[in-house]
Amino acid sequence: MKEYKSMSVGQIVADRFDNATVFKKYGIDFCCGGEISFAKACEKAGVSMDVLIQEMEQTGATTSESIDFKSWPLDLLVDYVLKIHHRGIREKGPRISELLNKVANVHGDNHPELLEVKHHFYESLVDLNQHLEKEEQVLFPYIYEMAEAKLNNQPQVDFHCGSVEYPISAMMGEHDAEGERYRLIASLTNNYTAPADACGSYRLLLQMLQQFETDLHTHIHVENNIIFPRAIELEKGF
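Treat the numbers as computed from the prediction; the structure is a model and nothing was measured.

How each quantity is defined
Residues numbered from 1 in each chain as written. Predicted model: local features only at pLDDT ≥ 70, side-chain atom pairs only at ≥ 80, totals over all residues. Heavy atoms only, no water. Axes fitted to C-alpha atoms, helices over the stretch in contact; angles between N-to-C directions. Helix = DSSP H or I, 4+ residues; strand = E, 2+ residues; numbered from the N terminus. Parallel < 35°, antiparallel > 145°, perpendicular 65-115°, else oblique. Left-handed = near helix turned anticlockwise from the far one by under 90°. Phe/Tyr/Trp six-rings, centres within 6.5 Å; stacked < 30°, edge-to-face > 60°. Buried < 20%, exposed > 50% of the residue type's maximum accessible area, 1.4 Å probe, protein only. Lys NZ or Arg CZ within 6 Å of the ring centre and 35° of its normal. Core = buried A, V, L, I, M, F, W, Y, C linked by side-chain atoms within 4.5 Å. Contact = heavy atoms within 4.5 Å.

Undergrad: Where do I start with the packing of helix α6 (residues 113–151) against helix α8 (residues 200–236) in this structure?
TA: In a packed pair of helices, the relevant descriptors are the angle between the two axes and the axis-to-axis distance. Contact geometry of α6 with α8 gives a least axis separation of 11 Å together with a crossing angle of 30°. Judged on the interaxial angle alone, α8 and α6 are roughly parallel. Both α6 and α8 take part in a crossing whose hand is left-handed.

Undergrad: Just checking my understanding: could you explain the packing of aromatic side chains for this structure?
TA: Taken as a whole and assessed by the stated rule, the structure comprises nine aromatic pairs. Both rings, one in F121 and one in F212, keep their centres 5.3 Å apart while their planes meet at 70°; by these two values the pair is edge-to-face. With F121 in helix α6 and F212 in helix α8, this residue pair connects regions lying 91 residues apart in the sequence. Residue classification places F212 among the buried residues on the basis of a relative accessible area of 6%. An aromatic cluster is present here, built from F17, F30, F69, W72 and Y80 joined pairwise through their rings. In this arrangement the basic side chain of K150 is found over the ring face of F238, its NZ or CZ atom lying 4.5 Å from the centre.

Undergrad: How should unusual backbone geometry be read in this particular structure?
TA: Phi is mostly negative for residues that are not glycine, and the peptide bonds are mostly trans. At N190, a residue that is not glycine, the phi angle is positive and equals roughly 55°. The topology assignment puts N190 in the loop between α7 (165–188) and α8. Although it is not a glycine, N191 adopts a positive phi angle of roughly 55°.

Undergrad: Can you walk me through the nonpolar core in this structure?
TA: Nonpolar side chains tend to gather and get buried jointly when the protein is soluble and globular. Core analysis: the largest hydrophobic core is formed by 69 residues, its most contacted members being F23, F38, I143 and I227. For this core, the secondary structure elements donating two or more residues are α1 (9–15), α2 (19–25), α3 (38–45), α4 (49–62), α5 (74–107), α6, α7 and α8. With 14 residues, the top contributor of residues to this core is α8. For F23, the contacting residues outside a window of four places in its chain are V9, I12, V13, I28, F30, F38, L52 and M56.

As structure tokens, then:
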């Protein structure tokens, strides 16, 4: 176990993704708020660092398999985000939206919060699709070009944005906005808890929304805490 007390929460999850399970338990944001120090995060959560470290050690002892993202090459990480998370948003988002419309139509009178969730989720899909396009058309192609140039001992490639730090800063700002939006959706749904009168479709909807948020957190974590810092480091290394 590394000296986690001197690390940020994002670095701790990047070191071993299983640690995210413990952070989620205590409501510690490791993706959008990944830059916060471990000490500060524990203080805000009202739990001691030693307790969390002990739980992370226990999680490591009982978990048989973990994705070691930090060991992956940079271009493979981008492949993963594109093929798993970008595809996942485009495939799952519309299905959730369709089910959300149906459930809101049936249960909206008794649960008006569903109408708010419907609005926020629709806005999220609009913003996320624009976000994905910017990553795919601007940021990720440059990261691929840098990775290939470094692999082949070629000079640094030109980038019309000047530095990779500029689009990364913009993407992280948009990540923060989505993180805040899903905190609101979680609050509106009582942390995705089905009410007593929920039908099967209502319960399925909440499960799908919660999984969508979990996947989005993983997506943002991999970008904010692994891909983006390594891309900045790679650019500076030419």
